[in-house]
Structure formats: C-alpha cells, structure tokens
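Residue-level structural notes
The lines below spell out each chain.
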Amino acid sequence: MLNSFNSKIQSLMPILTPLCVVLGVIFHNIGGHLLFLVPILFAFMTFTGSLGMRFTDVKVFKKHPGAILFVILFLHILMPVWAYFLSSFIFDDHLLVIGFVISVAVPTGVTSIIWISICRGNFPLGLSIILIDTLLAPFILPVILDALAGEAIKLDTASIILDLIWMIVLPSILGLVISELRKGQVKEMSQMLAPFSKLCLFGIVAINSSAVAPFLTDITLELIGVILFVFILAGSGYGLALILGHLLFRNTQTVTSLVFLGGMRNIAIGTVIAVTYFPPKVAMPVVFGMLFQQVLASLYAKVVNKYQVKYEV
C-alpha cells in the first residue's frame, strides 16, 4: 500500500508542489506559526534520502574524479555566478538577486537519482556526487552567502553552518551508518519511509511559502518577471550541464547523470535558509524554484533520450 501511495505521489509531484505553494500562501497565518517544524521535517527527509547509500559510494571518486569535481564547481561556482550577473542585469533589486543565487547554489537534489535511473545514467556516479555534495554543503553554502550578501545584510554564518549540519550532515551520517550496519539491505525501510518523506517536502513547501504571501497579494510585472526568470534560470542549469558535459566527457551515461545533478536542486534547504536568515523577499525566487523542477526534469528526460540515441556508442 505504501509503495503504491509513494508511486502516486511521485507521479503527481509536478501538480502537488505548486498546489502546496498556493495553500501556503492562502493559509499564511497558520504557516507562520509552524516554521519551527521545518528543520525537523528537513532532517527526516535527509535521513530518508541517505538510506541505501554507502560510504563505499565515495570510492567512485577514483573512477570519475573529473565528473565529480565538475559537478561541484558547476553547482557552487558557475551557476551562482551565472545567476548573479544575469539577475543583476535584469532586476534592480539586491534582495531578489540574493534569492536567485540561493536557488542555484544549494546542493543537488536527492530526487535527481530517480531521473538518472529512469534515463539510464551512471547510477553509482549519481549516488556518490549526491553524498559528497550533501556533506560539503554546510561549508560551501555559507561562504557563497556571505560573499553574496556583503555588507548589505549581516549574516550569522556560524548559525547557518550549525543549522546545515543539523539538517543535512547528521541525518545523512545516521542514514549511512544504518545502511552500513544492514549491509545496504535497507530497501524495505527506505520504501516504507519514502511517502512520508515526500509529505514532509510538501509541508516544507507550504510552510515556507507563507513567508512570501505579502508579495503575492497583487499580480505585478515584477512578480511575473521573477517567475519567468526562475523558469529560465532553472532550465539553463539542465541545458548548460548537458552542453558542458558533452564537451568534457562525451560518455552518454556520465552526461545523463550530469544533466540531472546539475539541473535539480535541494530547493527545500534553500527556502529554509532564505526564510530564516534573510528578509522575506529573498524567499520569492527560491520558493518559485519548486514549481518547475519536476516539470523541467521530465522535459529534459526526453532531450536526454534523443541525445543518447544520437551519441551512444
């Protein structure tokens, strides 16, 4: 029953995620009182996502060091710089620029492994990159945010690092330890928790969406521009990863993995950071990023399939 429920939720994510944003905005008075739940929900999501991973996944680094380094640099240097300069050119609003950068600077999304599997990418490579990037995030993301905010916004970097360790590193290590103790035989536990993890995601989306409710009361040109730019920026992540991956690696399995690792983001952690440490307007681009991830992934899955047919040896 849980497997069937999980599959149903998975197929409806492109619909349910925007719906949760709408519900969060409508019931923003309730969501504002539930912010304390977000770190707990996120820690549970991270723990569930790490089940089935093994410390041995890091050994893939020996086989594909170039691909792993490429993804880390792509996620945390290339895309943030691209988002910063492009959004600064279009929007004369430092808070929105910060929001756009956060939306692409967060770690790669754990759900990218689902699309890698569906599109016959390099599954072990995907797992290893997710693990490495997740564990590095608490130390990389605060540096990016501090450099971005500058003197305009005073950040409590130590608190950000501690929050990220609590929400990402500790649950990941717990999941990894359980996987090691069970010798990787945690499939049943992972399947049982998977639907609850997705419900946690919907809860995070709805609660954090309440923070942007004041900016959605009126449909303005700025609001429409933000939504359109989020769509373009999110789509460019997949596209750039495909182009650069093809130029650098040529291997279709590797490129397929890079497309989804480079395009998908752990947006939930971005909303937590934006809502907790920045003015509410910063959360706008981050929250809207949740609207398009799954839709864009399904579109690029078709692109990747055509790419494989053309270049697979």
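Residues numbered from 1 in each chain as written. Predicted model: local features only at pLDDT ≥ 70, side-chain atom pairs only at ≥ 80, totals over all residues. Heavy atoms only, no water.

Considering empty space enclosed by the protein
- The tally for this structure, following the rule as stated, stands at two cavities of 30 Å³ or more.
- Its boundaries defined by the atoms lining it, the largest cavity holds a volume of some 130 Å³.
- In terms of lining residues, the largest cavity is bounded by 16 residues, among which S103, V104, A234, R265 and I267 are the most central.
- Of all the secondary-structure elements, those providing two or more residues to the lining of the largest cavity are α6 (94-105), α11 (221-248), α12 (252-263) and α14 (283-311). (1 Å grid on protein atoms, 1.4 Å probe; cavity = no way out; pocket = protein on both sides within 12 Å on 5 of 7 lines; lining within 4 Å. Points joined across faces, edges and corners; volume = space filled by probe spheres on them. Helix = DSSP H or I, 4+ residues; strand = E, 2+ residues; numbered from the N terminus.)

Describing the pattern of salt bridges
- Overall, the coordinates contain two salt bridges when judged by the stated rule.
- Put simply, K281 and D93 hold a salt bridge, and the shortest N to O gap is 2.6 Å. Of this pair, K281 sits in the loop between α13 (267-277) and α14 while D93 sits in the loop between α5 (65-90) and α6, and the two are 188 residues apart along the sequence. Each member of the pair, K281 together with D93, is buried.
- One salt bridge connects E222 with K281, and the closest N-O pair in it is separated by 3.5 Å. On the criterion of sequence distance, the pair formed by E222 in helix α11 and K281 in the loop between α13 and α14 is long-range, its members being 59 residues apart.
- The exposure class of K281 is buried, given its relative accessible area of 15%.
- Salt bridges sharing partners connect three or more residues here, namely D93, E222 and K281. (Salt bridge = Lys/Arg side-chain N within 4 Å of Asp/Glu carboxyl O. Buried < 20%, exposed > 50% of the residue type's maximum accessible area, 1.4 Å probe, protein only.)

Some details on the packing of aromatic side chains
- The full count for this structure, using the stated rule, is 11 aromatic pairs.
- Centre to centre, the rings of Y84 and F85 are 5.4 Å apart; their planes meet at 85°, and the pair counts as edge-to-face.
- We classify Y84 as partly exposed; its relative accessible area is 32%.
- The exposed category is assigned to F85, whose relative accessible area is 56%.
- Geometrically, the ring pair formed by F100 and F229 is edge-to-face, given 4.6 Å between the ring centres and 75° between the ring planes. Of this pair, F100 sits in helix α6 while F229 is found in helix α11, placing the two residues 129 residues apart along the sequence.
- On the accessibility criterion, F100 (0% relative accessible area) is buried.
- A relative accessible area of 4% means that F229 is categorised as buried.
- Aromatic ring contacts, followed pair by pair, group W115, Y238, F260 and Y300 into a single cluster. (Phe/Tyr/Trp six-rings, centres within 6.5 Å; stacked < 30°, edge-to-face > 60°.)

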